[in-house]
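Descriptive analysis of the structure
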Amino acid sequence: MSEKIYLASPHMSDEGYERKYVKEAFDTNWLSTVGENINQFEESVKKYLGVKSAIALASGTSAIHLGLKALGVTKNDYVFVSDLTFSASVNPIIYENAKPIFIDSEPQTWNMDPKALEKAFEKYPNPKAVVVVHLYGRISEIDEICEICKKHNVPILEDAAEALGVKYKNKFLGTYGNCGVLSFNGNKIITTTGGGMLISNNEEITKKAKFWSTQSKEPARYYQHEEIGYNYRMSNVLAGIGRGQMKVLEERIAKKRKIFENYKKAFEEIDEIKMNEDKEYERSNHWLSTMTIKETSKVKPLDIVENLEKENIEARLVWKPMHLQPIFEKYDFIKVAEKAVSEDLFERGVCLPSDTKMTEEQQKMIIEIIKKLFE
Ligand SMILES: *Cc1c(COP(=O)(O)O)cnc(C)c1O
């Protein structure tokens, strides 16, 4: 069988930047959670995003956890969060014994519906924070969401784990909220194998996060602890990978966008397919190329996934909404439409193979397999 084509997999630079920085960590023996790679990785992300401070952590999930803590989320607080997302956007709310309230999507960007958010504020007037996700690299209605949250005086944590490098009105996603989260997990647009970052223009937030992430050691000659600590800091070895990957981020975004354009062009004539397309002002990173299939079509999302699987090609269904997850069943879900938009997207959505190592020929083959199903 031919070599497997992945949905999205790690893609190191041709120049070998990552190896060079990892080797440097070995050569200088900075094989812990301090060192030049961490410093330089944080610096490069700060410079790229134009954000005041950034703290490299073990994962995007740990960054969400410490971000929520820094926003003051604690026991029994309500936290509004996008319903259509990966569970990592929600789990840290539970770590703090707070209560998630799931907010439905709007159909244009698949992200948090400002109308549903307003409705949630009517029912729960005092949430501690709002977690807004920019799913698959698409820009949420962030202006409206910021306005609503400002009106209610509630801070925003932006989950930009899938949206690194996406600019909206000359500002990068992740820098709109009180704090933002990036992920460098293996499937993300750039990777450190596993890792994340908490970013903010409020240095108090990242300072607190850094303190907690390194076991909350008080400044004393002995180990003094006045708060619960975490072992969440990124390793200097892995930061070397990130440092190298930052050099190819723009290249990766360009390729992801090209992959999306190829699908879009190829499926133009198929009336039953609707690509998850940018708005006129939008330049998303298309971390994953996604689409929906018309309800009336004989082809279902699973048909595409299974037919590609037979050829050793990975495609997936869209994230299953959080309010449908058995573990989160008991938490409230706020929608404005009769039928939840997130459920509809889940039922009709497909994530297409979006690996940046994929060749044009491989993508053509994928397109042919999919086209055949619609004949
Ligand atoms: C990947 C991802 C995360 C979590 O990041 P990790 O680095 O894997 O912990 C959080 N939110 C979303 C939307 C993600 O896709």
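Treat the numbers as computed from the prediction; the structure is a model and nothing was measured.

Points about the nonpolar core
- In this structure, F80, I103, L117, V130 and L182 are the most contacted members of the largest nonpolar core, which totals 58 residues.
- Viewed by domain, this core spans two of them, domain 1 (17-248) and domain 2 (249-373), each represented by three or more residues.
- Ignoring anything within four residues of it in the chain, the contact list for V130 reads F80, M112, L117, F121, C149, V154, P155, I156 and L157.
- Counting 31 residues, the second largest nonpolar core, distinct from the first, contains I55, I64, L68 and V90.

Structural notes on unusual backbone geometry
- You will see that N153, though not glycine, has its phi angle at about 60 degrees, which is positive.
- Position of N153 relative to the elements: it lies in the loop between α6 (142-151) and β5 (156-159).

Describing the domain arrangement of the chain
- The domain boundaries assigned to the chain delineate domain 1 (17-248) and domain 2 (249-373).
- In this structure, domain 1 and domain 2 have C-alpha centres spaced 25 Å apart.
- On the side of domain 2, 39 residues touch domain 1, which itself brings 49 residues to the contact.
- In total, about 3,900 Å² of surface goes out of reach between domain 1 and domain 2, with carbon and sulfur atoms giving 62% of it.
- Three residues, W110, Y136 and I189, lead the burial of domain 1 against domain 2; their summed loss comes to 21% of the area buried on that side.
- Joining domain 1 to domain 2, the criterion identifies four salt bridges.
- Taking the shortest distance from any N to any O, the salt bridge between D278 and R138 comes out at 4.0 Å.
- Listed by contribution, the elements that provide at least two residues to the side of domain 1 that touches domain 2 are α4 (91-95), β3 (99-103) and α5 (114-123).
- Partitioned by chemical class, the residues of the side of domain 1 that touches domain 2 number 25 nonpolar, 11 polar and 13 charged.

Description of helix α8 (residues 236-245)
- Counted residue by residue, α8 has nine buried out of 10 residues, so it is predominantly covered.
- Burial in α8 covers these residues: N236, V237, A239, G240, I241, G242, R243, G244 and Q245.
- On its buried face, α8 is in contact with α1 (17-27), α2 (36-49) and α9 (249-267).
- Measuring from the backbone nitrogen of V237 back to the side-chain oxygen at the start of α8 gives 3.0 Å, which picks out S235 as the cap.

Focus on the pattern of salt bridges
- Evaluated as defined, the whole model comprises 22 salt bridges.
- Linking K208 and E227 is a salt bridge whose minimum nitrogen-to-oxygen distance equals 3.0 Å. Placement of the pair is K208 in helix α7 (residues 203-213) and E227 in the loop between α7 and α8, with a sequence separation of 19 residues.
- For E227, a relative accessible area of 30% puts it in the partly exposed group.
- Close ionic contact of K294 with D271 constitutes a salt bridge, the shortest N to O distance being 3.0 Å. One end of the pair, K294, is in the loop between β11 (289-293) and α10 (301-309); the other, D271, is in the loop between α9 and β10 (273-275), with 23 residues separating them in the sequence.
- K294 sits in the partly exposed class, given a relative accessible area of 37%.

Observations concerning the packing of α5 against α6
- The N-to-C vectors of α5 and α6 enclose an angle of 15 degrees; their axes lie 10 Å apart at closest approach. Compared by their axis directions, α5 and α6 come out roughly parallel. Here the hand of the crossing between α5 and α6 comes out right-handed. For the pair α5 and α6, contact is made by P114, L117, E118 and F121 and by E144, I145, I148, C149 and K151, respectively.
- A class-by-class count of the residues in the contact of α5 with α6 yields six nonpolar, no polar and three charged.

Definitions and limits used
Residues numbered from 1 in each chain as written. Predicted model: local features only at pLDDT ≥ 70, side-chain atom pairs only at ≥ 80, totals over all residues. Heavy atoms only, no water. Core = buried A, V, L, I, M, F, W, Y, C linked by side-chain atoms within 4.5 Å. Buried < 20%, exposed > 50% of the residue type's maximum accessible area, 1.4 Å probe, protein only. Domains from an automatic or database assignment. Contact = heavy atoms within 4.5 Å. Helix = DSSP H or I, 4+ residues; strand = E, 2+ residues; numbered from the N terminus. Buried area = accessible area lost by both parts, 1.4 Å probe. Salt bridge = Lys/Arg side-chain N within 4 Å of Asp/Glu carboxyl O. Nonpolar A, V, L, I, M, F, W, Y, C, P; charged D, E, K, R; others polar. Polar contact = N/O pair within 3.5 Å; in protein donor to acceptor, adjacent residues only side chain to side chain. Axes fitted to C-alpha atoms, helices over the stretch in contact; angles between N-to-C directions. Parallel < 35°, antiparallel > 145°, perpendicular 65-115°, else oblique. Left-handed = near helix turned anticlockwise from the far one by under 90°.

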